[in-house]
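Architecture and fold: a report
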Amino acid sequence: GVSPQNHEAICTLLNIEKEGVNFPVEITTKSHLDLFPREKMVYLSPDSNNDLERFNEDDIYVIGGIIDIGDDRAPLTLANAKKHKIRHARFPMKRVIGMKADLNVETCVAIMNDLKYSQDWFYSLRWVPARFFSNRLKSDGGGNMEHRLLYRAHKVIICHHQLITFISYIFF
């Protein structure tokens, strides 16, 4: 949850009505641990050793919104999941696209949204920023055929997404 001062500032900044009817997300001072049953929660952390296999409608996914390394360099989201005995998982990026990357919250939300409707990890990981693919190509000199093919496939999928987003923005 957020502090009462931050709650007020967010509502003012985003022009959220008192009842919140004009905003699809509830901002609260309560902790997610107080709002949801722990047995249904799954912390998403790139530091977990458990791959998330599929989207489960009954689960409540928790995406950390902070830099995930504490002063002692420990992964905070994973540590919090273990501390509260909550399941944890990571996106199967290494298995599906051959890389590991720390992603921002909106990218994780987009990936989970696609996964919910497609149950297809390759398609859902189209939201991984193109810079990760191009940096990998640059680092190996472009000599790895698998990396080149993944980069090209990602370009096709992401371009299609950008066109849809552009059309949605203009017409809706």
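Described in the following lines is the structure provided in the data block.

1. Some remarks on the layout of surface pockets
The computed volume of the largest pocket comes to approximately 1200 Å³. Lining the largest pocket are 30 residues, and of these His32, Phe36, Tyr61, Val62 and Ile63 sit closest to its centre. Breaking the lining of the largest pocket down by element, the ones donating at least two residues are helix H2 (32–35), strand S2 (60–63), helix H3 (76–83) and helix H5 (105–118). Element by element, the count of residues in the lining of the largest pocket is highest for H5, at 5 residues. Residues that form the lining of the largest pocket fall into these classes: 17 nonpolar, 9 polar and 4 charged.

2. Observations concerning unusual backbone geometry
Residues other than glycine seldom take positive phi values, yet Lys85 does so here, at roughly 55°. Counting through the fold element by element, Lys85 comes out in the loop between H3 and strand S3 (87–89). Residues other than glycine seldom take positive phi values, yet Gln119 does so here, at roughly 55°. Looking at the element boundaries, Gln119 is found in the loop between H5 and helix H6 (121–124). Given a relative accessible area of 34%, Gln119 falls into the partly exposed group.

3. Considering the sheet that holds S3
The strand order across the open sheet built from 3 strands is S2-S1-S3, with neighbouring strands paired in parallel fashion. Looking at strand neighbours, the two that pair on one side only are S2 and S3, the edges of this open sheet. Mean inter-strand twist for the sheet, computed between neighbouring axes without regard to direction, equals 30°.

4. Regarding the pattern of salt bridges
Throughout the structure, instances matching the rule amount to 5 salt bridges. Between Glu53 and Arg95 there is a salt bridge, and its shortest N-O distance comes to 3.5 Å. Residue Glu53 is found in the loop between strand S1 (41–44) and S2, and its partner Arg95 is found in helix H4 (residues 93–97); the two are separated by 42 residues along the sequence. For Asp114, the salt bridge identified is with Arg126, shortest N-O distance 2.6 Å. Of this pair, Asp114 sits in helix H5 while Arg126 sits in the loop between H6 and helix H7 (130–139), placing them 12 residues apart in sequence. Within this structure, Asp51, Glu53, Arg90 and Arg95 form a network of salt bridges that share partners.

5. Brief notes about the side chain of His84
By secondary structure assignment, the location of His84 is in the loop between H3 and S3. Setting aside residues no more than four positions away along its own chain, His84 makes contact with Leu33 and Arg38.

6. Remarks on the nonpolar core
Counting 20 residues, the largest nonpolar core has Leu52, Phe91, Met93, Leu103 and Met112 as its most contacted members. Only S1, H4 and H5 provide two or more residues apiece to this core. Looking at which element gives the most residues to this core, the answer is H5, with 4 residues. With near-sequence residues (within four places) excluded, Leu52 lies in contact with Leu44, Tyr61, Ala89, Arg90, Pro92, Met112, Leu115 and Trp121.

Here is what the cut-offs are and how they apply
Residues numbered from 1 in each chain as written. Predicted model: local features only at pLDDT ≥ 70, side-chain atom pairs only at ≥ 80, totals over all residues. Heavy atoms only, no water. 1 Å grid on protein atoms, 1.4 Å probe; cavity = no way out; pocket = protein on both sides within 12 Å on 5 of 7 lines; lining within 4 Å. Points joined across faces, edges and corners; volume = space filled by probe spheres on them. Helix = DSSP H or I, 4+ residues; strand = E, 2+ residues; numbered from the N terminus. Nonpolar A, V, L, I, M, F, W, Y, C, P; charged D, E, K, R; others polar. Buried < 20%, exposed > 50% of the residue type's maximum accessible area, 1.4 Å probe, protein only. Pairing = 2+ DSSP bridges. Axes fitted to C-alpha atoms, helices over the stretch in contact; angles between N-to-C directions. Salt bridge = Lys/Arg side-chain N within 4 Å of Asp/Glu carboxyl O. Contact = heavy atoms within 4.5 Å. Core = buried A, V, L, I, M, F, W, Y, C linked by side-chain atoms within 4.5 Å.

Taken by themselves, the reported measurements are silent on function.
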